[in-house]
Each structure stands twice: as C-alpha cells, then as structure tokens.
Amino acid sequence: MRTLREIDPDVYNAVVGEERRENTGLELIASENYVSKAVIEAMASVLTNKYSEGYPGKRYYGGQEFTDLVENLAIERAKKLFHAEHVNVQPLSGAPANIAVYFALLNPGDVVLGMDLGHGGHLTHGHPVTYMAKIFKFVRYKTHGTDGHFDFDEIRQIALKEKPKIILCGYSCYPRDLDYNAFQEIADEVGAYTMMDMAHIAGLIAAKEMNDPFKARFDVVTTTTHKTLRGPRGGMILSRTEDRYHDKYNKDSKKNLAQMIDSSVFPGFQGGPHMHQIAGKAVAFGEALKPDFKNYAAQIRKNAKAMAQRLIELGWTLFTGGTENHLMLADITKLGLTGKEAQNLLDEAGITLNKNAYPDDTRPPTDPSGIRIGTPAITTRGMKESEMKHIADLMDKVVRNPKDKKIIERVRKDVFDLTAKFPLYKLYK
Ligand SMILES: *Cc1c(COP(=O)(O)O)cnc(C)c1O
C-alpha cells in the first residue's frame, strides 16, 4: 500500500478510513463478513491483468497456463465443498449468477415460482424494479403465521395452476432451515426445475450446519461467495449435470444442464471472467474445506441463537420466534421505532445493521417495520455467546432511549472497547 499512499492519497485515505470503520464498529449486517488476508492478497494480484474468456482448456486467448490452474482449483474445491456435479465460478456476483440461470433454463414469458419479496425473497427473484420481471413471469408463495412456516399444499396448488418451469427457494431474510424434499416433490409433479439461491447460508451448508439442497436432488444451486462463505465478493452456480427435462423442454439441444449453464454465463451473458476474484474464491474454498471452518459455521449459529434468546428476554419480537441460522428479523415497531429510525440510531452507536421488511408489512420498504441482525462478521472476529448477550443489551439500550444522546454516546464507547478486544487485521498504516 506504500505505492498507493504516494500515488493517490485520496483513494488511499478512503481505504484506510474503511479499514478503521470496520475495526471499530460492530458489523451486524447479515450479508457481510471479513475475508482473510490470504483472500485479499489473491484478489490484489496480477491476475486482474488477464483476459480469459472461455473455460479452462477452452479459452479464446493464449497465455492461460496460470488462469486455467486457478480456475480449476476454484472449481475442484467448490465441488468438494458442496458435493456438486458441476460448478461455474465465473459469475461476477450473486445477481448475475441468478440471471445466468434464468436464461439457461427459461424462454421469455416462462414462469418462475418464488418467495413473496416482502417475506424474505431477494430482488433478483423477480422484483418488479428488475429487468428480469419484464422478461419472465414470477409468481409467489409466502410464509405463514408467526412461526413463518411454508404451506406446501398451497405451494403445490399454485404450482399446479401456474405451471412454473423453475421452483425457486433461498432467501435474504428467513431465519429457518428448509425442507428441500417438499419443494422437490412439487417440482417433480409439475415438471419444474428446482433452484436454490443459498447466497446467505452457503457457508452454513458447506459446513453441514444446514440442510443440503443437492441431497434432495435439486437441479441448480446459486450463491454469492462473500456472505457466510467468507470469500471475495462474487457469485457461483452449482448444478447437476443431467438435464432431467431434456425431452420435455430442450429436445433440440445437444447440451446437458452443465453445458446449458456454462454457455449461459459465457458467452450468453458475461464477458471475460475476473480471474483475480476467482483466485480469491479458490483461496476461500480452500479455507472452508479446513476443519476450522466447521467450528466457525457452528459458532455463527450458536451466536445467533444466544443473541436471539437475549433479545427475546428483553421483550423484542423476532420473526419465527428465533433463528436456526445466522440471522434474526425483529419487528422494531413493537418497541416504538421504525426500521429506518432504529438503523440510524444504532449506526450512531457504532452498530451497523439494516432496516428490513417484516412479513405482511404495512409500512413502506423505504422505512419498514423490521431490522435484520446477523452474526457472521462478529463471529469471524472471535466473539462468542457472552459477547452476543452484551451486544443485545447494547442494542436494547439504544432502541429504548432514542432521544437520549448520552446513552448513545456511552454505547458508542462500549462498542469501541468491545471491538478493541477483538481486533481485525490492520493491512494499512
Ligand atoms: C445477496 C443475495 C443475492 C445477490 O448478490 P449480489 O452479490 O449482491 O449480486 C442474491 N440472492 C440472495 C438470496 C441474496 O441474499
């Protein structure tokens, strides 16, 4: 970084400022994490210089001996990690991964059955503001009740009526595990592909802390690599090889499912892969294959459970009454604040999280009723159950005293003290 400091102090200062912010604040955004120094080194490498359109052994340009090596490492490690028959590590992020799958499996106008967006589904699952919603028809299922369960009879009825070509699960804000067999059974009955977007919980599935969609014979699994999986910002598509609906939907194609996905990512959708990012993925997958990662993933869940328990003791309302994964969704209006107000107040106290729609929210998405709380990042710092209780107490203090600047200042100081005990790396001086 010495060169950057000399050549471009403006950018250097922004990077150093962000490092300081990350070091001195409590990161409770459920989709964020801290990568290892090794991942950062791989990303900050000469691999960013290289054009590698195509796939290992089948590139358009020469000079690929090392890019092939790196991409094959990423693919082989991901296959091992998720017991996947096929892996594509080129998607630039989670959204492009999902788009590439839609175009691999669907024609314009085809139907996708996915979660209602106010119940934890993601923008890329056909939110009206996205281009995908103009091209494909997205129909919805929801969660039910305060326990947030799925009504699979209802999902089956919708599927029989709408005839989706993809049944999609996987969410950005759902605190429970999923019954993939139940989704697969309905898909089998109506002739739909099954797709799981495990962006949030990939690390937990890799560590076998949560159910595995491939065990239920899911066709496609997409993910980001930067959330619980703790790799670089990026995306990935895992799939079976066989196209189970070749005769029904793709009679004229010679491609199997793996080939359909690969040609959809490139040349269908993207250009040259980001090889520095793929190197970072390879490093992160290598880390996730080590026994230590299993402990990390287990601790994420223990921490979420401990924090949820304490928040409930303090009188908070949590969707589904707790959590089985890395996140919680609180209805903060029950404590007299809106989601936006709570987010801003906690930000002032050095606690970062996000406002979030609560199922069947009557408030607008710009200022919803909920806040989402996640433990992956603070678990990476080494924090355990006792810190979770402490953090829950700090959040409660802030939220219950929104007008008291002194209390917020005191909590900010507590956050400084707590984070100083669990330092992150310091790469820059
Ligand atoms: C985060 C997320 C994505 C999108 O990932 P980006 O890398 O931001 O494009 C897609 N699906 C789900 C379920 C997510 O949580």
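What you are looking at is a predicted structure, and each value in this text was computed from that prediction instead of being measured.

Calculation rules
Sequence positions are assigned chain by chain, starting from 1 and proceeding in written order. Thresholds applied to this predicted model are a pLDDT of at least 70 for local features of residues and 80 or more for the giving and counting of side-chain atom pairs; totals over whole chains, interfaces and linings are not thresholded and use all residues. Side-chain metrics rest on all non-hydrogen atoms present in the structure, leaving aside hydrogens and water. A run of H or I in DSSP counts as a helix once it spans at least four residues, and a run of E counts as a strand once it spans at least two, with each numbered from the N terminus. As a reference, a globule follows 2.2 Å times the number of residues to the power 0.38, and the radius of gyration itself is taken over C-alpha atoms. Per-residue accessibility, obtained with a 1.4 Å probe over protein chains only, is compared with the maximum for each type, and a residue is labelled buried under 20%, exposed over 50%, and partly exposed between these values. Here, residues are in contact when the closest pair of their heavy atoms is within 4.5 Å. Counting rule applied: Lys, Arg positive; Asp, Glu negative; His and chain ends not counted. Every charge is mapped to an atom, namely NZ of Lys, CZ of Arg, CG of Asp or CD of Glu. One requirement defines pairing of two strands: DSSP has to find at least two bridges between them. To obtain an axis, a line is fitted to C-alpha atoms, over the contacting stretch when the element is a helix, and the angle between two such axes runs from 0 to 180 degrees between their N-to-C directions. The patches described consist of residues with a relative accessible area above 30% and no salt bridge, like charges being joined within 9 Å and nonpolar side chains (Val, Leu, Ile, Met, Phe, Trp, Tyr) within 5 Å. Per-residue and other accessible areas were derived by the Shrake-Rupley procedure at a 1.4 Å probe size, with only the shown protein chains allowed to occlude residues. Any carboxyl oxygen of Asp or Glu within 4 Å of a side-chain nitrogen of Lys or Arg constitutes a salt bridge here. Where each domain begins and ends follows an automated or database-derived domain assignment. Values labelled buried area give the accessible surface lost by two parts on being combined, using a 1.4 Å probe and summing over both. Pairing of N or O atoms within 3.5 Å defines a polar contact, subject to two protein rules: one partner must be a possible hydrogen donor and the other a possible acceptor, and residues neighboring in sequence count only if both atoms are side-chain atoms. Residues are grouped as follows: Ala, Val, Leu, Ile, Met, Phe, Trp, Tyr, Cys and Pro are nonpolar; Asp, Glu, Lys and Arg are charged; every other residue, Gly included, is polar. UniProt positions are given in the numbering used here, feature names are shortened, and annotations may be inferred rather than shown by experiment. Note on aromatic contacts: the rings of Phe and Tyr and the six-membered ring of Trp form a pair at centre separations within 6.5 Å, being stacked when their planes are under 30 degrees apart, edge-to-face when over 60 apart, and tilted otherwise. The rule is short: NZ of Lys or CZ of Arg within 6 Å of the ring centre and within 35 degrees of the ring normal puts a charge over the ring.

Okay, the overall build of the chain next. Within the chain, the regular secondary structure consists of 17 helices and 16 strands. Rg of the C-alpha trace for the chain: 22 Å, near the compact-globule value of 22 Å for 429 residues, within the 12% margin. By the burial criterion, 57% of the 429 residues in the chain qualify as buried. Of all intrachain contacts in the chain linking residues separated by at least 6 positions in sequence, the fraction that spans at least 24 positions is 74%. Side-chain charges in the chain split into 58 positive and 55 negative, and the spacing between the mean points of these groups amounts to 3 Å.

The subject of this paragraph is the sheet that holds strand β15 (residues 354–356). Reading across from one edge, β13-β16-β15 is the order of the 3 strands in this open sheet, with antiparallel pairing throughout. For this open sheet the edge positions go to β13 (327–331) and β15, each flanked by a neighbour on one side alone. Here the average twist between neighbouring strands, direction ignored, is 35°. One ladder, built from 3 bridges, connects β15 with strand β16 (residues 370–374); its direction is antiparallel. Its bridge partner being in β16, asparagine 356 is matched across the sheet by glycine 370. Taken strand by strand, helix α13 (residues 291–313) contacts β13 and β16, and its axis lies near 20° from that of β13.

Another point: a nonpolar patch on the surface. On the surface, Tyr51, Tyr60 and Tyr61 cluster together into a nonpolar patch covering about 400 Å² of accessible area. Take tyrosine 61: it is sitting in the loop between β3 (58–59) and α4 (65–82).

Looking at the chain, the domain boundaries give domain 1 (2–20 + 27–34 + 299–421) and domain 2 (45–288). Taken over C-alpha atoms, the centre of domain 1 sits 29 Å from the centre of domain 2. The partner domain 2 presents 23 residues to the 24 residues of domain 1 that form the contact. Of the roughly 2000 Å² buried at the junction of domain 1 and domain 2 (both faces included), carbon and sulfur atoms supply 56%. Contact with domain 2 buries area across many residues of domain 1, yet Phe319, Thr320 and Glu324 alone supply 28% of it, more than any other trio. Where domain 1 meets domain 2, there are 3 salt bridges. In this structure, lysine 142 engages aspartate 360 in a salt bridge whose closest nitrogen and oxygen atoms are separated by 3.6 Å. Our count for the contact surface shared by domain 1 and domain 2 stands at 13 residue pairs in polar contact (both at pLDDT 80 or more). Elements supplying a minimum of two residues to the side of domain 1 that touches domain 2: α13, β13 and α15 (376–380). When grouped by side-chain class, the residues that make up the side of domain 1 that touches domain 2 number 10 nonpolar, 10 polar and 4 charged.

Right, let's get into the sheet that holds strand β6 (residues 137–141). Spatial strand order, β4-β12-β11-β10-β9-β5-β6: 7 strands in an open sheet with mixed pairing. Either end of the sheet is taken by a strand with one partner, and the two such strands are β4 (86–88) and β6. Between one strand and the next, the sheet's axes are offset by a mean angle of 20°, whatever the strand orientation. Alignment of strand β11 (residues 220–224) against strand β12 (residues 235–239), held across 5 bridges, turns out to be antiparallel. Within the sheet, the bridge partner assigned to threonine 222 lies in β12 and is isoleucine 237. Helix α8 (residues 180–190) rests against β6, β9 (166–169) and β10 (193–197) of the sheet, and its axis sits at about 165° to β9.

Let's shift gears to the UniProt feature "modified residue: N6-(pyridoxal phosphate)lysine" (unreviewed entry) in the chain. When the UniProt feature table is mapped onto this chain numbering, "modified residue: N6-(pyridoxal phosphate)lysine" (unreviewed entry) sits at Lys227. Residue classification places lysine 227 among the buried positions, given a relative accessible area of 10%. Those residues in contact with lysine 227 that lie beyond four places of it in its chain are Ser31, Asn33, Ala199 and His200.

This paragraph deals with the UniProt feature "binding site: (6S)-5,6,7,8-tetrahydrofolate" (unreviewed entry) in the chain. In this numbering, the UniProt entry assigns the feature "binding site: (6S)-5,6,7,8-tetrahydrofolate" (unreviewed entry) to Leu117, Gly121, His122 and Leu123. Secondary-structure assignment places leucine 117 in the loop between β5 (111–115) and α6 (132–135). Beyond its immediate sequence surroundings of up to four residues, leucine 117 is in contact with His122, Leu123, His125, Gly126, His127, Pro128 and Arg140. Relative to the helices and strands, glycine 121 resides in the loop between β5 and α6.

With that out of the way, let us pick up the packing of aromatic side chains. Applying the stated criterion across every chain yields a total of 20 aromatic pairs. On the basis of an interplanar angle of 65° and a centroid distance of 6.4 Å, the ring pair of tyrosine 174 and phenylalanine 319 is categorised as edge-to-face. With tyrosine 174 in the loop between β9 and α8 and phenylalanine 319 in the loop between α13 and β13, this residue pair connects regions lying 145 residues apart in the sequence. The buried category is assigned to tyrosine 174, whose relative accessible area is 6%. Given a relative accessible area of 2%, phenylalanine 319 falls into the buried group. With centroids separated by 5.8 Å and ring planes inclined at 70°, the aromatic side chains of phenylalanine 319 and tyrosine 358 adopt a geometry described as edge-to-face. With a gap of 39 residues between them, phenylalanine 319 in the loop between α13 and β13 and tyrosine 358 in the loop between β15 and β16 connect regions that are remote in the sequence. Each member of the pair, phenylalanine 319 as well as tyrosine 358, is classed as buried. Each residue in the set Tyr141, Phe150, Phe152, Tyr171, Tyr174, Phe183, Phe319 and Tyr358 is aromatic and connected to the rest through ring pairs, giving one cluster. Over the ring of tyrosine 249 we find lysine 165; its NZ or CZ atom is 4.7 Å from the centre of that ring.

Before going further, it helps to examine the pattern of salt bridges. Under the defined criterion, the tally for this structure stands at 23 salt bridges. Here arginine 156 and glutamate 189 are joined by a salt bridge, their closest N and O atoms 2.7 Å apart. Separated by 33 residues along the polypeptide, arginine 156 in helix α7 (residues 152–162) and glutamate 189 in helix α8 bring together distant segments of the chain. Here arginine 156 falls in the partly exposed class, since its relative accessible area comes to 30%. Residue classification places glutamate 189 among the partly exposed residues on the basis of a relative accessible area of 42%. The salt bridge partner of arginine 363 is aspartate 367, with a shortest N-O separation of 3.2 Å. When its relative accessible area of 30% is taken as the criterion, arginine 363 is described as partly exposed. For aspartate 367, a relative accessible area of 15% gives the class buried. Here the salt bridges share partners, and the residues they tie into one network are Asp188, Asp219, Arg240, Glu242 and Arg244.

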